[in-house]
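# Reading the structure
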Amino acid sequence: MEGGSRRVTSYDPTSDRGHHLAILVGQGVVAWVAHDLRTSAPGALAWGADMAILEHATLPKHPRSVSFVSLPEWSTLVPDGALYPGDEEQHLALIHGELPAGQVRDEPVRTLGASCIYVHEELAERQVLERFPNARALPLQAVLVQSAQQRSNGRPLVLVHRGADRVDIAVAHDQELLLSNSYPARTPEDLLYFCLLAMERCGCSPEDTLLHCGGTHLTGIERDLLQRYLPHMASANPFRWPGAALHEHADRWLAAMDQLACVS
């Protein structure tokens, strides 16, 4: 994937503690978004094939805070009443079986009264933390859950993040979470099938449900296929992206742009 960057005219990378920096380490891609903390609007975006993008000239020099999502991810949601200190790895193993080497973390999801237990690959985390020692790790699942809840006023909403070999889906209605899961997806037909399956399990019909799509590996063929079967499919560009889109497919970086809600 070729690298690139975009910025709004008012963006100032030298602003002292004026930005939150959100980083996405995907499979074959790294991206970051700088949010203006006065307005919560994204001011700059850059993406590339490796960690070199974290040295980009437009990266904020003195961000107030930094967070990151690293993919692939192994995660699960556990109700607070069912989570006891020391049991986190057991909950993950029940869902995913063998886990990669890495620190098992938990992220509270207060809107659910639950925690997201997760682990990222150790190498990717270490590379980010070497550059930003105070960066806060976030699970993609928690980011998508809270984003879906915020977007779901009035009609059921399916929020889709297309990764390299899987799709993560969160379904919400009137800010109530109905489903959060990940599925293996290697073809466009896999992606369509699991979107329809998620709707069916939640009792949602394609005719009445909004579908917001994004993700690091979402292709034009997949966009067209989803649009053919799901009439209310749209890009998952975040609400506060200012003015015209800074990049044709800015929804590729959904997992970076929606991190701010988890840290503010």
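Here is a short report on the structure shown in this document. On a predicted model such as this, the values are computed, not experimentally measured, just so you know.

### A word on the overall build of the protein chain
Regarding its fold elements, the protein chain presents 7 helices and 14 strands. Rg of the C-alpha trace for the protein chain: 18 Å, near the compact-globule value of 18 Å for 264 residues, within the 12% margin. By the burial criterion, 53% of the 264 residues in the protein chain qualify as buried. Carbon together with sulfur atoms contributes 48% to the accessible area of the protein chain, which is approximately 12000 Å² in total. Charge separation in the protein chain, taken as the distance between the mean sites of 21 positive and 32 negative side-chain charges, equals 7 Å.

### Thoughts on helix 5 (residues 220-229)
Turning to helix 5, its buried residues number three or more, namely E222, R223, L225 and L226. All buried residues of helix 5 project into a common sector of 165° when viewed along the axis, lining one side. Pointing more than 90 degrees away from the buried face of helix 5 are the exposed residues I221, D224 and R228. Structurally, helix 5 contributes buried residues whose contacts are with strand 10 (157-162), helix 4 (188-201), strand 13 (210-214) and strand 14 (233-235).

### Regarding the pattern of salt bridges
This model, assessed by the stated rule, comprises 8 salt bridges. The salt bridge involving E125 is made with R105; its shortest N-O contact spans 2.8 Å. Here the residue E125 occupies a position in helix 2 (residues 122-131), and R105 occupies one in strand 7 (residues 104-109), the gap between them amounting to 20 residues. Each member of the pair E125 and R105 is classed as buried. Close ionic contact of D258 with R151 constitutes a salt bridge, the shortest N to O distance being 3.1 Å. Here R151 lies in helix 3 (residues 140-151) and D258 lies in the loop between helix 6 (254-257) and helix 7 (260-263), a separation of 107 residues in the sequence. Judged by its relative accessible area of 9%, D258 falls in the buried class. Judged by its relative accessible area of 9%, R151 is buried.

### Some words on the sheet that holds strand 13
Reading across from one edge, 12-11-10-13-14 is the order of the 5 strands in this open sheet, with mixed pairing throughout. Two strands lie at the open edges of the sheet, namely strand 12 (176-184) and strand 14, each paired on one side alone. Taken pair by pair, the neighbouring strands of this sheet meet at an average axis angle of 20°, ignoring direction. Where strand 13 and strand 14 come together, 3 bridges link them in parallel fashion. Residue pairing for strand 14: H212 is matched across the bridge by A234. Helix-sheet contacts for helix 3 involve strand 10, strand 11 (166-173), strand 12 and strand 13, and the interaxial angle to strand 10 is about 150°. The sheet contacts of helix 4 involve strand 10, strand 11, strand 12 and strand 13, and relative to strand 12 the element is tilted by about 150°.

### Re the packing of aromatic side chains
Each aromatic ring pair is characterised by the separation of its centres together with the angle its planes make. If you walk through the whole model with that rule in mind, you get 3 aromatic pairs. Their ring planes at 15° and their centres at 4.7 Å tell us that Y183 and F194 sit as a pair that is stacked. Residue Y183 is located in strand 12, and its partner F194 is located in helix 4; the two are separated by 11 residues in the primary sequence. F194 shares its class with Y183; the two are buried. When the centroid spacing of 5.0 Å and the interplanar angle of 75° are considered together, the rings of Y193 and F194 count as edge-to-face.

About the criteria used
- Residues numbered from 1 in each chain as written.
- Predicted model: local features only at pLDDT ≥ 70, side-chain atom pairs only at ≥ 80, totals over all residues.
- Heavy atoms only, no water.
- Helix = DSSP H or I, 4+ residues; strand = E, 2+ residues; numbered from the N terminus.
- Rg over C-alpha atoms; globule rule 2.2 N^0.38 Å.
- Buried < 20%, exposed > 50% of the residue type's maximum accessible area, 1.4 Å probe, protein only.
- Areas by Shrake-Rupley, 256 points an atom, 1.4 Å probe, with all protein chains shown as cover.
- Lys, Arg positive; Asp, Glu negative; His and termini not counted.
- Charge placed at Lys NZ, Arg CZ, Asp CG, Glu CD.
- Arc of directions from axis to C-beta.
- Contact = heavy atoms within 4.5 Å.
- Salt bridge = Lys/Arg side-chain N within 4 Å of Asp/Glu carboxyl O.
- Pairing = 2+ DSSP bridges.
- Axes fitted to C-alpha atoms, helices over the stretch in contact; angles between N-to-C directions.
- Phe/Tyr/Trp six-rings, centres within 6.5 Å; stacked < 30°, edge-to-face > 60°.

Spatial relationships are all this shows, so hold off on functional conclusions.
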